[in-house]
Amino acid sequence: TDMAKEKQVIDLAEAADTVIAGLDALQNALLEEAQERMNKGIARGDDITYEQVRAALENDVASEYPGSGLYLLPWKCDADNEAQMKEDCQAT
């Protein structure tokens, strides 16, 4: 925030409120950045195919892979479908 870049002089009577406001602003900024980073790390079914997910999982090296870490895809909830996915790419 801009407040962090320059020194401020405040009355002692306002110190607690000023610190609380500054910490709230900092926390909100950190939360916003974290949510943005999380959303960028999720590939949604509309944006990615099953084949792309399978290829990404097969080539995934956690410390090196720059793409999404979570895939949200339409799911056909049955044992055969889950078994096929586990066989294809060891994912559940």
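Each residue is numbered by its place in its chain's sequence as written, counting from 1. Whole-chain, interface and lining totals are the exception, using all residues; otherwise, since this is a predicted model, local features are given only for residues with pLDDT of at least 70 and side-chain atom pairs are given and counted only at 80 or more. With hydrogens and water excluded, all non-hydrogen atoms of the structure serve as input to the side-chain values.

Asks: Looking at this structure, how should I read the pattern of salt bridges?
Replies: Pairs can form between side chains of opposite charge once their charged atoms are near each other. For salt bridges, the criterion is a side-chain nitrogen of Lys or Arg within 4 Å of an Asp or Glu carboxyl oxygen. Tallied over the entire structure, the rule returns one salt bridge. The salt bridge partner of Glu36 is Lys40, with a shortest N-O separation of 3.6 Å. You can see Glu36 and its partner Lys40 sitting in helix H1 (residues 12–40), four residues apart, about one turn around the helix. When a residue's accessible area, from a 1.4 Å probe over protein chains only, is under 20% of the maximum for its type it is buried; when over 50% it is exposed; and in between it is partly exposed. The exposure class assigned to Lys40 is exposed, which follows from its relative accessible area of 64%. Under the scheme used here, helices are H or I runs from DSSP no shorter than 4 residues and strands are E runs no shorter than 2 residues, and both carry numbers assigned from the N terminus.

Asks: Help me out: how do you make sense of helix H3 (residues 79–89) in this one?
Replies: The α-helix winds at 3.6 residues per turn, so residues separated by three or four positions along the chain end up facing the same way. All of the buried residues along H3 are Met85, Asp88 and Cys89. Taken around the axis of H3, the buried residues stretch over an arc of 70 degrees, which confines them to a single face. In this structure, H3 carries Ala79, Asp80 and Glu87 as exposed residues pointing more than 90 degrees from its buried face. Whether two residues touch is decided by their heavy atoms; if any such pair falls within 4.5 Å, the residues are in contact. Against helix H2 (50–58) lie the buried residues of H3. Just downstream of H3, Gln90 is the residue with a positive phi angle, here 50 degrees. Read the arc as the range of directions from the helix axis to the C-beta atoms.

Asks: Sorry, what's going on with the packing of H2 against H3 here?
Replies: Each pair of packed helices can be summarised by the angle the axes make with each other and by the distance between the axes. Helix axes use the C-alpha atoms of the stretch in contact, all axes being lines fitted to C-alpha atoms, and the angles between their N-to-C directions lie in the range 0 to 180 degrees. Running from N to C, H2 and H3 cross one another at 45 degrees; their axes reach a closest spacing of 9 Å. Classified by the angle their axes make, H2 and H3 are oblique. Between H2 and H3, the contacting residues are Tyr50, Arg54, Leu57 and Glu58 on the first element and Gln84, Met85, Asp88 and Cys89 on the second. Residue composition of the contact of H2 with H3, by class: four nonpolar, one polar and three charged. Throughout, the term roughly parallel applies to angles under 35 degrees, roughly antiparallel to angles over 145, roughly perpendicular to angles from 65 to 115, and oblique to all others. Each residue is assigned to one of three groups, with Ala, Val, Leu, Ile, Met, Phe, Trp, Tyr, Cys and Pro labelled nonpolar, Asp, Glu, Lys and Arg labelled charged, and all others, Gly among them, labelled polar.

Note that all results are geometric; they support no functional claim without further evidence.
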